[in-house]
Amino acid sequence: MEDLYSNEGVEIFGPLLVSEIKTHINKRRKELGLDPISESKLLVDVKEKLKFGDKIYFFKESLRGYYMDGYILERDGCAIEFFPGSVS
């Protein structure tokens, strides 16, 4: 996974293959001390909305004690859907 963008606490990685999303989610869950999943609502939602040629990116934002991450679905060069992950 390539680091595409990094600026002042915001990082974007990708594009991810659908098959990589589950691995990526479980890696994040392990970092947070949570058990791995076999299937998640997020993964099901991504699969339902995905069309041929779409790209999926992981992003994280960490600014002054605030953290948020999730996935962005890109279609024809435009971000069309945001799938939230962790927020703290």
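Use the structure listed above.
What you are looking at is a predicted structure, and each value in this text was computed from that prediction instead of being measured.

(A) Layout of the pairing of strand 3 (residues 55-63). By the bridge criterion, 5 bridges tie strand 2 (residues 10-16) to strand 3 in an arrangement that is antiparallel. Opposite Glu11, over in strand 3, you have Lys60 as the bridge partner. When strand 3 meets strand 4 (residues 66-75), the two strands line up antiparallel, connected through 9 bridges. Each bridged residue has a counterpart across the sheet, and for Glu61 the counterpart in strand 4 is Met68. Taken together, strand 3 and the strand that follows it, strand 4, pair antiparallel across an intervening segment of 2 residues, in which Arg64 is found at a positive phi of about 40°.

(B) Just the environment of Tyr67, in detail. With respect to the helices, strands and loops of the structure, Tyr67 is situated in strand 4. With 19 residues separating them in the primary sequence, Tyr67 and Ser86 have C-alpha atoms 7.6 Å apart. Those residues in contact with Tyr67 that lie beyond four places of it in its chain are Arg28, Phe58, Lys60, Glu61, Ser62, Ser86, Val87 and Ser88.

(C) Geometry of the packing of helix 1 (residues 18-31) against helix 2 (residues 41-49). Contact geometry for helix 1 and helix 2: axes closest at 10 Å, N-to-C directions at 165°. What the angle tells us is that helix 1 and helix 2 run roughly antiparallel. Of the two possible hands of crossing, helix 1 and helix 2 adopt the one that is right-handed. For the pair formed by helix 1 and helix 2, the contact residues are Val18, Ile21, Lys22 and Ile25 on the first element and Leu42, Leu43, Val46 and Lys47 on the second. Among the residues forming the contact of helix 1 with helix 2, the class breakdown is 6 nonpolar, no polar and 2 charged.

(D) Geometry of the pattern of salt bridges. Scanning the entire structure with this criterion turns up 3 salt bridges. Residues Lys60 and Glu11 are paired through a salt bridge, measuring 3.8 Å at the closest nitrogen-oxygen approach. Here Lys60, found in strand 3, pairs with Glu11, found in strand 2; they are 49 residues apart in sequence, far enough to count as distant. Here Lys49 and Glu81 are joined by a salt bridge, their closest N and O atoms 3.6 Å apart.

(E) The arrangement of the nonpolar core in detail. Ile21, Leu42, Ile56, Phe58, Tyr71 and Phe83 are the most contacted members of the largest nonpolar core, which has 13 residues in total. Those elements giving two or more residues to this core turn out to be strand 2, helix 1, helix 2, strand 3 and strand 4. Those residues in contact with Phe83, other than ones at most four positions away along the chain, are Leu42, Asp45, Val46, Lys49, Gly70, Tyr71 and Leu73.

Reading guide: rules and limits
Residues numbered from 1 in each chain as written. Predicted model: local features only at pLDDT ≥ 70, side-chain atom pairs only at ≥ 80, totals over all residues. Heavy atoms only, no water. Pairing = 2+ DSSP bridges. Helix = DSSP H or I, 4+ residues; strand = E, 2+ residues; numbered from the N terminus. Contact = heavy atoms within 4.5 Å. Axes fitted to C-alpha atoms, helices over the stretch in contact; angles between N-to-C directions. Parallel < 35°, antiparallel > 145°, perpendicular 65-115°, else oblique. Left-handed = near helix turned anticlockwise from the far one by under 90°. Nonpolar A, V, L, I, M, F, W, Y, C, P; charged D, E, K, R; others polar. Salt bridge = Lys/Arg side-chain N within 4 Å of Asp/Glu carboxyl O. Core = buried A, V, L, I, M, F, W, Y, C linked by side-chain atoms within 4.5 Å. Buried < 20%, exposed > 50% of the residue type's maximum accessible area, 1.4 Å probe, protein only.

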